[in-house]
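# Remarks on the overall topology
One letter stands for each residue in the lines below.
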Amino acid sequence: MSESMNIYQRVNAVRKKIDYIQKDKSVSTGGGSYKAVTHDMVTAIVRQHMIDAGIVCYPSLVDSASIPKEEGSKQFRYEATYDFHFVNEESPEDKICIRIQAHAMDNADKAPGKAISYAKKYAILKLFEIETGEDEESRTHEPESMPETVLADYLAAIDGAAAIDDLQKQFTAAYKAAEAAQDKAAMSSIIKRKDDRKKALAKK
């Protein structure tokens, strides 16, 4: 790498080397999941290119706050703002600074580490314009509807339950399937059909 290159030229040199990072981890949201790129994956792919380009990165904490646990919650929220300095190793005064806000939830002492890892990952991804396939602007998991034919089969099985034990078994299977698909309408239908069948069996 030429010593005469400024920090912008060095950043551009790294951009030419990397254009995409594959999402490597499935992240659960409690009601679904999505694929994401981890801090370790970004570091593993970018580190050597930054070394070759003579770019050193270091963070500085601007401010932070620990938000107390809400009643009934096992986790606390940690919020922080960091400046990430990308420095030309040949001329340390020649640098780019990116400010990133981040937060993390944890029930012990890992929240600060999670926050800085998240912040650094995005500082690198945005500075070097690396595509990941992630859609940060629409991260909400879209639920999938249960197919009507599948729901009809589950409802028929509930209607055909000959005893309370069998009804509970059929209801549990149907409800879990609807819950997995995050189909609230199907869940409601299954509950109603179970209640109706329970009343019918009680009259016998």
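In case you missed it, the structure is sitting above this.
Residues numbered from 1 in each chain as written. Predicted model: local features only at pLDDT ≥ 70, side-chain atom pairs only at ≥ 80, totals over all residues. Heavy atoms only, no water.

All right, on to the environment of Val 56 then. Relative to the helices and strands, Val 56 resides in strand 3 (residues 55–67). For Val 56, a relative accessible area of 41% puts it in the partly exposed group. For Val 56 and Pro 92, which are 36 residues apart along the polypeptide, the C-alpha to C-alpha distance reads 9.0 Å. In contact with Val 56, not counting residues within four places along its chain, are His 85, Phe 86, Val 87 and Glu 89. (Helix = DSSP H or I, 4+ residues; strand = E, 2+ residues; numbered from the N terminus. Buried < 20%, exposed > 50% of the residue type's maximum accessible area, 1.4 Å probe, protein only. Contact = heavy atoms within 4.5 Å.)

Let us look at the pattern of salt bridges. Applying the stated rule across the entire model yields seven salt bridges. Across the pair Arg 15 and Glu 129 runs a salt bridge, and its minimum N-O distance is 3.9 Å. Separated by 114 residues along the polypeptide, Arg 15 in helix 1 (residues 7–17) and Glu 129 in the loop between helix 3 (111–127) and helix 4 (148–159) bring together distant segments of the chain. For Glu 129, a relative accessible area of 55% corresponds to the exposed category. Residue Asp 196 is joined to Lys 192 by a salt bridge in which the shortest nitrogen-to-oxygen separation is 3.1 Å. With a gap of four residues between them, Asp 196 and Lys 192 both fall in helix 6 (residues 184–203), about one helical turn apart. (Salt bridge = Lys/Arg side-chain N within 4 Å of Asp/Glu carboxyl O.)

This next bit is on the pairing of strand 4 (residues 76–88). For strand 4, the tally of buried residues reaches eleven of 13 residues, placing the bulk of the element in the interior. Bridging between strand 3 and strand 4 involves twelve bridges; their strand directions are antiparallel. Pairing of Asp 63 across the sheet is with Thr 81, part of strand 4. Two strands pair when backbone bridges link them, and strand 4 and strand 5 (residues 91–106) are joined in this way by 13 bridges, in the antiparallel orientation. By the bridge assignment for strand 5, Val 87 is matched with Lys 95. Between strand 4 and the antiparallel strand that follows it, strand 5, lie two residues. (Pairing = 2+ DSSP bridges.)

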